[in-house]
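# Observations on chain architecture
Each chain, letter by letter, is given below.
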Amino acid sequence: MGLVARSKRRGGNFPHPFLIGGEMRFIQVGIGSMGRRWLQWLTGNSDAEVVALVDVDPTALASARAAGNYREEICFSSLRDALKHVDADALVCITPPVHHKQCVTQAMKAGLNVITEKPMADSLPDCISILRTSHDTERTCVVSQNYRYKPETQTLAHLVRSGQIGDIGQVKIDYYLGWDCEGRFTQEIEHPLLVDMSIHHFDLIRFVTGLNVVSVRGESWNPPWSNYKGDCSSALVFELENGAHVVYNASWGAKGQFCGWDGNWQIEGSKGSILYEKGQITIYEAPKLYRVTKTETVCIKKPEKTGQEYVLNNFIHSLKHGLRPQTDVFDNIHSIAMVFAAIKAVKTGKRTPVLDRRLQQAIADYKPRLAKEEA
Ligand SMILES: NC(=O)c1ccc[n+]([C@@H]2O[C@H](COP(=O)([O-])OP(=O)(O)OC[C@H]3O[C@@H](n4cnc5c(N)ncnc54)[C@H](O)[C@@H]3O)[C@@H](O)[C@H]2O)c1
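Residues numbered from 1 in each chain as written. Predicted model: local features only at pLDDT ≥ 70, side-chain atom pairs only at ≥ 80, totals over all residues.

### Brief notes about the sheet that holds strand S6 (residues 141-144)
To keep things clear, this is the line we draw: Strands are labelled as partners when DSSP assigns at least two bridges between them. Working definition: helices are DSSP H or I runs of at least four residues, strands are E runs of at least two. Numbering for both runs from the N terminus.
Within the open sheet, the 6 strands sit side by side as S3-S2-S1-S4-S5-S6. Their pairing is parallel. Two strands in the sheet have a free side with no partner beyond their single neighbour: strand S3 (75-76) and S6. Here strand S4 (residues 90-93) runs beside strand S5 (residues 113-117); their pairing, made up of 4 bridges, is parallel. Paired with Cys 93 across the bridge in S5 is Thr 116.

### Here we look at the domain arrangement of the chain
Basically, it comes down to this: Here the limits of each domain have been adopted from an automatic or database domain assignment. The contact rule is simple: place each C-beta atom from the backbone, and if two of them lie within 7 Å, those residues are in contact.
Taken domain by domain, the chain holds domain 1 (3-147 + 307-328 + 355-365) and domain 2 (151-297). Look at where the C-alpha atoms of domain 1 and domain 2 centre, and you get two points 29 Å apart. Listed as interface residues are 7 residues of domain 1 and, on the opposing side, 9 residues of domain 2.

### Quick look at the site of the ligand
Inclusion rule: In this entry, near means the residue's backbone-placed C-beta atom lies within 6 Å of the molecule or strand. We call Asp, Glu, Lys and Arg charged. Ala, Val, Leu, Ile, Met, Phe, Trp, Tyr, Cys and Pro are nonpolar, and the rest, Gly among them, are polar.
Around the ligand, the surrounding shell holds 23 residues, and the nearest of these are Gly 30, Gly 32, Met 34, Asp 57 and Glu 117. With 3 residues, helix H1 (residues 33-43) is the largest single contributor of residues to the shell around the ligand. Residue composition of the shell around the ligand, grouped by class: 10 nonpolar, 8 polar and 5 charged.

### Re the confidence of the model for the chain
Heads up, the condition is: The predictor attaches a confidence to each residue, and that confidence, scored 0 to 100, is pLDDT.
Across the chain, the average pLDDT comes to 92, with 93% of residues at or above 70. Predicted confidence is poor over residues 1-15, with pLDDT under 50, and the contacts of this stretch with residues over four places away or in other chains come to 25 contacts.

### Some details on the sheet that holds strand S13 (residues 280-285)
Quick note on the threshold: The axes are straight lines fitted to the C-alpha atoms, using for helices just the contacting stretch, and the angles between their N-to-C directions are given from 0 to 180°.
Strand order in this open sheet of 9 strands is S14-S13-S12-S11-S7-S10-S9-S8-S15, and the pairing throughout is mixed. Each edge of the sheet is formed by a strand with only one pairing partner; in this case those strands are strand S14 (294-297) and strand S15 (352-353). Pairing geometry for strand S8 (residues 213-221) and strand S9 (residues 233-240), over 8 bridges, is antiparallel. Bridged to Ser 215 within S9 is Glu 239. Of the strands in this sheet, strand S7 (168-176), S8, S9 and strand S10 (245-251) touch helix H7 (residues 192-209), which is tilted by about 30 degrees from S9. In the packing of helix H9 (residues 329-348) onto the sheet, the strands contacted are S8, S9 and S15, and the crossing angle to S8 comes to about 50 degrees.

Given below as structure tokens:
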């Protein structure tokens, strides 16, 4: 894991060593609570090598160094210094969302492909800037939507998309946790639940149904006992592109009983419904109006890699084979747009289109370099 001379390779199709059998060399930016886990996933992946660690907090760097036995020469307090001193193929960005745009656009302009933790960024202009940079530099930027890669959500998506319950007509999602934000960046931001958590559920709505979302309306609020500065509860209604409705009822300020991180789902279609609760998936066949003809508990298969480990593998595999990773920014813009539309809807009290004119234009102007999607 030594320092290597940095060659000039801005843009263009330079031959990465990893493409001829080497490891993909990563810079990791941000080594806080999630960053420490990413470092384990990177070091545990035989196709990846960590060539630099970046954090503005010297204590975070020191504890990562001590835990992983990393040399001081590969630790930097700024991405600019890391890019100057090491040769890398890719970057993972695990900073708070407000810094994502600066970090990932700087990396792509330096010729690196990128994985960023969700959410893509914390504002629509920043997301559009990331989209434009990925298009202009022809670098891949993936958003880590790890909730797609759980055995339960994979099973849900497979069942719904196979057509077993027919055409989706309505969906109900209940998410309620008492999640203490003390000392976290989520304590300070305006819409902690929508920006930092609901992005997972919104992305899952698209992934599970295979449908994009057209509009949203609803409300958000902060329960009196909340230690969040921004609203940590919301109730939203989304309309999908096939006309179906999704009722989304969520809180990080719940008291008493909590659900799992994915929330509880009831997905109803023309031929039946699927219930996902407490890690269990049940399918109800109801081809004729309300009468259930069969109820079955579904067997959930555990794939070899899940969560961020899957995201990382998929990123490396896709780049090696010239494919488009599943959750690149050109896909993810349709999920993150739901967050900003929801914020606008709760602020204005109006039904809000998910893609406003500015976003439609950006999606038309900026396209992925790789057309063929990873399966
Ligand atoms: N996918 C998931 O399930 C999941 C779970 C938790 C967090 N996350 C995401 O991971 C990201 C980080 O969250 P966290 O909980 O680790 O936050 P954190 O506050 O614990 O850690 C962030 C780290 O980034 C560093 N940092 C801040 N600005 C920086 C900059 N400009 N350059 C370099 N380093 C900088 C901080 O010093 C800190 O060490 C967020 O985007 C969050 O939404 C994802």
